Amino acid sequence: MVTKAFSVSFADITNSVSFRFASKPPTASPRPCVFSLTCSAGKGERPWKTWDARLVLQDGSIWNAKSFGASGTQVGEVVFNTSLTGYQEILTDPSYAGQFVLMTNPHIGNTGVNFDDEESRQCFLAGLVIRSLSISTSNWRCVKALGDYLAERDIMGIYDVDTRAITRRLRQDGSLIGVLSTDNSKTEQELLQMAQSWDIVGVDLISGISCTTPHEWIDKTEDEWEFRPNKGRAGETFHVVAYDFGIKHNILRRLASYGCKITVVASTWPASETLKIKPDGVIFSNGPGDPSAVPYAVETVKNIVGKVPVFGICMGHQLLGQALGGKTFKMKFGHHGGNHPVRNLRTGHVEISAQNHNYAVDPTTLPKEVEVTHINLNDGSCAGLALPSQRVMSLQYHPEASPGPHDSDYAFREFVQLMMHDRKKANESLKLAAVQASEA
């Protein structure tokens, strides 16, 4: 029980109140009056959330905040995401492994969470940084609050922090390593030392999130969410092997919706085993971290390119860039959000795309025969590649969106058409070989 006593002078009251029914205020000498105000807040706790967390960045800046979700101390790279919706898909995107995601949209949590919007089997990000945490949820699919969801998955979150100021700092200085902590026993200097001694560059983040055994994927986009009911399928089924570098579920759903039978394999699955399956095509998926830190994946790509049609997405695009002879580099603050403009150089069309990457392919290092098919209109970076002679296509961004616009969904149709053309060519070769054998 907390009791507070306040002394208020009657003169103070009469000076600030107009007396409606009196001709003038009382003229008697004012006497002090003491009012006792008693408020109860449980076991001496304040009825509101207090600042109990700190975000310490490697540049020495310290940001006090309020915690939600899990407690503890966590280190990661801070990046900002400009998406207006879809925070649950962002939370479960494996490409955010090792990173704190700062949402530039200030109000987060108002739709709660549901189990239909999961993009992977768990949350892989290091933490969530937001401006305002909704105190209530309002959505017909909501099954629980965001804070409870994060606590169950041991993910830290902070709010009531100036996300606009942090975003400006990241845009000016580039992505920064940070430490989130609710541990009052750790000094600011200790947290700063943690931030300055940790690095994400050169770390293999793929092997820790990939599946371990091959498995089949059959789920399509549900009818109520299908936005392209007439996808122009030719009634054929194509077997696709999808390398899981941190693959999002919606990539698999879109492939299945376009008529593909999908086998998902681990990031370390040998190329020779993939070719034994004789797939119609191979997908190299999105994933977290530095593509230069996974040379084994680059070798896998090299050994598959030219054998079957290939489609690389995000990390897969970067691995293809390296496998084709190019180099990748770390961007200043990357692209993270569902509103990035991209130009398709073949058609001239502009797409609004969903993106999530901190690395990019340097197009000046690519062989002349490799075609740059898309560019990011914000900074001119390479957003798509093609090598028609080897049946290769790739996108730096996410054609499956989730969250984000559906402008780029046609890429899955183009991949299916690439496999269809390859199958037709193979059948023609078989027929020709049969004719030549019969004539011999």
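Cut-offs used in this document
- Residues numbered from 1 in each chain as written.
- Predicted model: local features only at pLDDT ≥ 70, side-chain atom pairs only at ≥ 80, totals over all residues.
- Heavy atoms only, no water.
- UniProt positions renumbered as here; feature names shortened; annotations may be inferred.
- 1 Å grid on protein atoms, 1.4 Å probe; cavity = no way out; pocket = protein on both sides within 12 Å on 5 of 7 lines; lining within 4 Å.
- Points joined across faces, edges and corners; volume = space filled by probe spheres on them.
- Helix = DSSP H or I, 4+ residues; strand = E, 2+ residues; numbered from the N terminus.
- Nonpolar A, V, L, I, M, F, W, Y, C, P; charged D, E, K, R; others polar.
- Buried < 20%, exposed > 50% of the residue type's maximum accessible area, 1.4 Å probe, protein only.
- Contact = heavy atoms within 4.5 Å.
- pLDDT = per-residue confidence, 0-100.
- Patch = residues over 30% accessible without salt bridge, like charges linked within 9 Å, V, L, I, M, F, W, Y side chains within 5 Å.
- Areas by Shrake-Rupley, 256 points an atom, 1.4 Å probe, with all protein chains shown as cover.
- Salt bridge = Lys/Arg side-chain N within 4 Å of Asp/Glu carboxyl O.
- Lys, Arg positive; Asp, Glu negative; His and termini not counted.
- Charge placed at Lys NZ, Arg CZ, Asp CG, Glu CD.
- Pairing = 2+ DSSP bridges.
- Axes fitted to C-alpha atoms, helices over the stretch in contact; angles between N-to-C directions.
- Right-handed = clockwise from strand over helix to strand, strands pointing away.

The name given to the chain in an unreviewed UniProt entry is carbamoyl-phosphate synthase (glutamine-hydrolyzing), with the source organism recorded as Stylosanthes scabra. In its Sequence similarities (unreviewed entry) section, UniProt records this for the chain: "Belongs to the CarA family." Per UniProt, the chain has the following entry under Catalytic activity (unreviewed entry): "L-glutamine + H2O = L-glutamate + NH4(+)".

Engineer: I'd like a rundown of empty space enclosed by the protein, residues and numbers included.
Structural biologist: Going through the model one piece at a time under the given rule, you end up with two cavities of 30 Å³ or more. If you trace the largest cavity, you find 19 residues lining it, with Ser95, Gln99, Pro288, Gly289 and Asn358 closest to the centre. Those elements giving two or more residues to the lining of the largest cavity turn out to be α9 (315-323), β17 (327-344) and β18 (350-362). Per-element tally for the lining of the largest cavity: the top contributor is β18, with four residues. The residue makeup of the lining of the largest cavity, split by class, is seven nonpolar, nine polar and three charged. Reported here for the second largest cavity is a volume of approximately 120 Å³.

Engineer: Any details on the layout of surface pockets? Residues and values, ideally.
Structural biologist: Each pocket or cavity is described by its volume, and for the largest pocket that value is around 960 Å³. Lining the largest pocket are 41 residues, with Glu89, Asp117, Arg141, Ser402 and Pro403 sitting closest to its centre. Of all the secondary-structure elements, those providing two or more residues to the lining of the largest pocket are α2 (87-91), β7 (107-108), α6 (249-257) and β17. A per-class count over the lining of the largest pocket returns 10 nonpolar, 19 polar and 12 charged.

Engineer: Tell me about the environment of Ile304, residues and numbers included.
Structural biologist: With respect to the secondary-structure elements, Ile304 resides in helix α8 (residues 295-304). When its relative accessible area of 0% is taken as the criterion, Ile304 is described as buried. For the pair Ile304 and Thr274, spaced 30 residues apart in sequence, the C-alpha to C-alpha distance is 8.4 Å. Filtering out sequence-adjacent residues up to four positions away, Ile304 remains in contact with Tyr243, Ala271, Thr274, Val282, Phe284 and Val310.

Engineer: Explain the confidence of the model for the chain to me, and be specific about the residues and the numbers.
Structural biologist: Reading predicted coordinates in detail is not appropriate for stretches of low pLDDT. Across the chain, the average pLDDT comes to 90, with 88% of residues at 70 or higher. Contacts of residues 1-26 to residues separated by more than four positions or lying in other chains number 26 contacts, the stretch itself having pLDDT below 50. Predicted confidence for residues 34-41 stays below pLDDT 50, and this span has 16 contacts to residues more than four positions away or in other chains.

Engineer: Any chance you could break down a negative patch on the surface for me, citing the residues and the numbers?
Structural biologist: Residues Asp116, Asp219, Glu222, Asp223 and Glu224 make up a contiguous surface patch of negative charge. Glu222 gets classed as partly exposed once you look at its relative accessible area, which sits at 46%.

Engineer: Any details on the sheet that holds β17? Residues and values, ideally.
Structural biologist: Note on sheets: strands pair through backbone hydrogen bonds, and any given pair is parallel or antiparallel. In space, the 10 strands of this open sheet follow the order β12-β14-β13-β15-β16-β21-β20-β19-β17-β18, with mixed pairing throughout. What marks the edges here is a single partner per strand, and that holds for β12 (215-217) and β18. Neighbour-to-neighbour, the strand axes of the sheet open up by a mean angle of 25°, direction not taken into account. Inspection of the sheet shows β17 paired to strand β19 (residues 371-376) by three bridges, in the antiparallel sense. Counted as the bridge partner of Val342 is Asn376 from β19. Taken strand by strand, α6 contacts β12, β13 (238-244), β14 (260-266), β15 (281-284) and β16 (310-313), and its axis lies near 150° from that of β14.

Engineer: I'd love a proper account of the pairing of β14, names of residues and values included.
Structural biologist: The buried fraction of β14 is high, at six of seven residues. Pairing analysis gives three bridges linking β12 to β14, with the strands arranged antiparallel. Bridge pairing in β14 links His215 to Val264. Bridging between β13 and β14 involves seven bridges; their strand directions are parallel. Directly across from Phe238, in β14, lies its bridge partner Cys260. Of the crossover connections in this fold, the one passing from β13 over α6 to the parallel β14 is right-handed.

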